[in-house]
Amino acid sequence: MEGVADLHIATNIEDLKHLAQPEGLEGFRNVKAIEKAFRSLYNEILKENVNQEKCYIYCYRFLLSFQTMCRLGDSKFYNTLYSSEVAKVKEKLEELEQALKKRYAIDAFQEHKKLGIKDKLTEIVTPGISNKEERLFDGEFISVKQLFNTIQDDANVLIIDIRPEEEYSESKVKFEKVINIPENLLVPGLSANVLGQKLIDDTQKIWEKRDSFDALIFVDWNSSPDNITSSKLMYLKEAIVEWDCLKHYKQHPVIINGGFKEFLDSYPGSVTNVHVNFIRNNEDIDELLELDSIFYPEPDQNVSIMPLKQFTIEELEESTKIEESAVEEYDDNCDIQVEDTPAVTTSEVETKPLSPKGEGVSLDKPIDAVKEESTEEIKLRIEEKRIRLLQEARNHKNKRIRRDIKENIFVDNNKGERPREEIKRIPPPIRRDTKPKKDEFTFGGWCGLVNIKNTCYMNTILQCLKCIPIVSSFLHSNYNKFIMRRPPQIMNEFGTAIQALCDGTESNRKVFRPSAFYDTVCKLDQIYKKGNHEDCMEFFLFLFNHLNDDCSYDIKTKGVMTEREKAWYSQLQGRTSLWVDLFYHQFRCTKICQSCHLKADSYETDNTLMLPVPYRPGLTMVHLRDLINEYQEDNQILDYKCSKCQNLGVLNTKEVAVAPEILVIVLKRYYQDEYQESRKNNVCVDFDFNFTFGKNSYTLYSVAEHRGTMEHGHYFAHGILNDSIWVEFNDERTSRYNGDWDNIRGSVCAFFYCKSKG
């Protein structure tokens, strides 16, 4: 395997386990010595990325040392102190065991092949997969007709449907042996065993017997050879083919060509509910668009067919303003007289002939005239018509209210409409001075946070995000329209916490206890319930992922993507949200061969910029700008071979391809001492309040700090309020910062910059 050391310590996993067991550990009684070895082993595990056998031995001995520590000392204390490290090593050990079993099987096959042993060939020709004679299907895909015939024959196959649970429940294939593994459980690098732990009840029991079937048949909504690379079915297939050596299958899994959509259309009698229509990615509208108007870029042209981001800060702020002004205008129109003009009723809107896909094109319009319009013109006309019909409906409602008043008509729920003279009621006058005033968001921000259970890391991130204007103003508007997951996991609790933090003034300071938010965090990950000293930027990434999941939706693609767009799409697994629009950036990395000058682009996409802080004796200060320049500077890759001329020596350049609206910079502050133990790096990092990243200017709004060691310490934040006052947020305490920035430079661990306007 490329980038991995050759196997040389053992020939199977059992022998490796035997070698991993240290002698004399049972009789050892020095707990402090064991704990020191325990921590050294953890550091070695973090560093070892090449030799899998060696790393496996480290992990195995690490867990044995932990068991011995718990046996000799305070097990409750050690479980609380090292729970995070133990969980990570257990997961690492399982991954290594799966990988090594596969590699040992392949090596054994190669050895048998050299010796000419034929009787073993069928067992290890491919780890976990039988030879061709036993296979029920050939190839990677099967047709819906083959699936139908398989069902009719009641073959011993297992159908695995990865559509969302609600879609699967509404309609599925009529077959006894079919299970649902929702696509949200599928991630890259997932092993079959780990996946099984995420399943529940009967599904898990059937999954455990997955190798007892003659074939596994995968189904999603509409996968085909043309779009399979963007489907999460590939993660499920890799879990079986690459990471499931403990099972022995008769053949590789197969995929339904066209997915459930094709099967539903072809064999409606073989699904539980035929009256379903799951719309995906506006594919019904795309069929009507004029394809001749689409411009297909050449490989060397920098043309974007797919917009990577939907919102900028300015657009998000503008949408909030438009929403507020629309409410004001609607209220104001209630007492303004408008001429009586023919209104469009709801029935007229419904019966007015539209195009088959709802684009607002009249059916009596000449077809040639429609074809002459471009894609953008059709989209623009759809939006204009939607807005016009909505406005006409609102006007009609307002005029009806005004007409009722004008004609002295009121509605009696029991007797219907009657003349007002008969009732002798006079409509009350409309008074502007008594009109309810819309609550306006005023940012104070002098609010601290209660430290619930060693949660300074959480409080620090909330305060840093609160100080970013676009985040606080967005969460005070109607953010509910951006939530796509119902119910959301954490968005509402996060919004409530940020709103509370925006309260308070310097003369009337507030303190908020984020109990609901913290309880939600603990439900999403039990590790935060233990009260350990957690990393604040790890918590930021955890929080970002769940906020993003609450608001994410499918990226609209047109089938033609540049390499930059493919990298963006792949990194985000085909999903995006306003959080992606605000925080994500992308670097273009260009490798240039020094011999033939061939250029090859690749892309790095992420929501944080992680910069290592250098450590060497005598070094006391570095500048953030220099760290960024060093991260982006050209460098020689001596061991990289050119794909064209096969010569070594390639120059790698890096530039900003997509700038973030909010730039989060994380400082990696640790180094290895002479005993190979991790130590915190306290070298001072100087920084600017305004600087340029790519072609954009950025302004600093908040910083996160950490005082203490790698194992213990305290987090707190500094942020700017109302664009002028820097405030220190230290759990419950809020105070003006005196401007001693030298005191911050040695403890800052993260910066939150925001793109400057204009």
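Everything below is about the structure printed above this text.
Please read these numbers as outputs of a predicted model, since none were measured by experiment.

Caption draft 1: Region of the structure containing the pairing of strand S16 (residues 635–641). Bridge count for S16 against strand S17 (residues 648–658) is four bridges, and the pairing is antiparallel. Bridging across to S17, Ile637 finds its partner in Val650. Connecting S16 to the next strand, S17, in antiparallel fashion are six residues, including Gln646 with a positive phi near 65°.

Caption draft 2: Summary view of the state of the cysteines. In this structure the tally under the stated criterion is zero disulfides. Cys642 carries a free sulfur, and the closest cysteine sulfur to it, the one in Cys596, is 3.6 Å from it. Cysteine Cys749 remains unbridged, with the sulfur of Cys536 as its closest cysteine sulfur at 4.1 Å.

Caption draft 3: Representation of the packing of helix H7 (residues 144–152) against helix H12 (residues 259–266). Between H7 and H12, the shortest axis-to-axis distance is 10 Å and the interhelical angle comes to 70°. In terms of orientation, H7 lies roughly perpendicular with respect to H12. When H7 is examined against H12, the residues Val144, Leu147, Phe148 and Ile151 are found in contact with a partner set consisting of Gly259, Glu262, Phe263 and Ser266. Here the contact of H7 with H12 is built from residues that sort into five nonpolar, two polar and one charged.

Caption draft 4: Summary view of unusual backbone geometry. With omega at -5°, the peptide bond leading from Arg486 into Pro487 counts as cis. Relative to the elements of secondary structure, Pro487 occurs in the loop between helix H20 (469–474) and helix H21 (491–501). Of note, the phi angle at His597 is positive, near 65°, even though the residue is not glycine. Locating His597 in the fold gives a position in the loop between strand S12 (585–593) and strand S13 (599–606). Here the phi dihedral of Asp731 falls at roughly 55°; this positive angle occurs in a residue that is not glycine. Tracing the chain through its elements places Asp731 in the loop between strand S25 (725–730) and strand S26 (733–736).

About the thresholds
Residues numbered from 1 in each chain as written. Predicted model: local features only at pLDDT ≥ 70, side-chain atom pairs only at ≥ 80, totals over all residues. Heavy atoms only, no water. Pairing = 2+ DSSP bridges. Helix = DSSP H or I, 4+ residues; strand = E, 2+ residues; numbered from the N terminus. Disulfide = S-S within 2.5 Å. Axes fitted to C-alpha atoms, helices over the stretch in contact; angles between N-to-C directions. Parallel < 35°, antiparallel > 145°, perpendicular 65-115°, else oblique. Contact = heavy atoms within 4.5 Å. Nonpolar A, V, L, I, M, F, W, Y, C, P; charged D, E, K, R; others polar.

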